[in-house]
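A closer look at the structure
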Amino acid sequence: RVLALVDDETEIRAAAQRAVDGAIASNTFSEDEAYDYGRAERFADFEAFAGGIARVDPSRIGKIAERRGKLGEAFLAEARRDGEGYVLDQPMSVRVLTRR
């Protein structure tokens, strides 16, 4: 939810999900396994988060600057504190497919 303020992948993820579902429905692939898990990423502070997402994709720099206030608010609202800084939890989903 925090990164979506800079790089919203909602549509691309939905399209990917539809493609996988379609491949299974058409019997092109079978689903062998599916599971969900959580991924935790730690940051010293908001600046470390902002710098990290800019390094991954420098095209985000302008949006980070433009939305810095809202991004910082979202970061603090979503991140949980731990002894070493802040943690953002990201739900992940895996589907293992086999081509038929």
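Our structure's up above, just so we're on the same page.
Residues numbered from 1 in each chain as written. Predicted model: local features only at pLDDT ≥ 70, side-chain atom pairs only at ≥ 80, totals over all residues. Heavy atoms only, no water.

The subject of this paragraph is the overall build of the protein. Of the regular secondary structure elements, the protein holds four helices and three strands. Along the protein, from the amino end to the carboxyl end, the secondary structure elements read α-β-α-α-α-β-β. For the protein, whose C-alpha radius of gyration is 17 Å, the value lies well above the compact-globule estimate of 13 Å for 100 residues. By principal-axis analysis of the C-alpha atoms, the protein measures approximately 45 × 30 × 20 Å. In the protein, which comprises 100 residues, the share counted as buried stands at 22%. Within the protein, residue pairs in contact and separated by at least 24 positions form 78% of the contacts whose partners lie at least 6 positions apart. Looking at the protein as shown, the accessible area adds up to about 7100 Å², and 51% of this sits on carbon and sulfur atoms. (Helix = DSSP H or I, 4+ residues; strand = E, 2+ residues; numbered from the N terminus. Rg over C-alpha atoms; globule rule 2.2 N^0.38 Å. Buried < 20%, exposed > 50% of the residue type's maximum accessible area, 1.4 Å probe, protein only. Contact = heavy atoms within 4.5 Å. Areas by Shrake-Rupley, 256 points an atom, 1.4 Å probe, with all protein chains shown as cover.)

The residue serine 30 is located in strand E1 (residues 29–43) in this model. Within the structure, the side chain of serine 30 is placed 3.5 Å from the side chain of aspartate 32, a separation counted as a polar contact. Those residues within four positions of serine 30 in sequence are excluded, and the remaining contacts are Val96, Leu97, Thr98 and Arg100. (Polar contact = N/O pair within 3.5 Å; in protein donor to acceptor, adjacent residues only side chain to side chain.)

The next thing to look at is helix H1 (residues 10–25). For H1, with 16 residues, the first-to-last C-alpha span of 22 Å sits near the 22 Å given by 1.5 Å per residue. In the stretch just after H1, asparagine 27 is the one whose phi turns positive, near 65°. (Expected span 1.5 Å × (residues − 1).)

Counting across every chain of the model gives 10 salt bridges. Here glutamate 47 makes a salt bridge to arginine 68, at a shortest N to O gap of 2.5 Å. You can see glutamate 47 sitting in helix H2 (residues 46–56) and its partner arginine 68 sitting in helix H4 (residues 68–78), a full 21 residues away along the chain. On the basis of relative accessible area, glutamate 47 is assigned to the partly exposed category, the value being 48%. Where salt bridges share partners, they join Asp21, Glu31 and Arg95 into one cluster. (Salt bridge = Lys/Arg side-chain N within 4 Å of Asp/Glu carboxyl O.)

Let's shift gears to the pairing of strand E3 (residues 85–99). With 14 bridges connecting them, E1 and E3 associate as antiparallel partners. Bridge assignment links alanine 34 to a residue of E3, and that residue is arginine 95. Relative to E3, strand E2 (residues 80–82) runs antiparallel, the two sharing three bridges. Residue arginine 80 lies in a different strand from E3, and its bridge partner there is valine 87. Taken together, E2 and the strand that follows it, E3, pair antiparallel across an intervening segment of two residues. (Pairing = 2+ DSSP bridges.)

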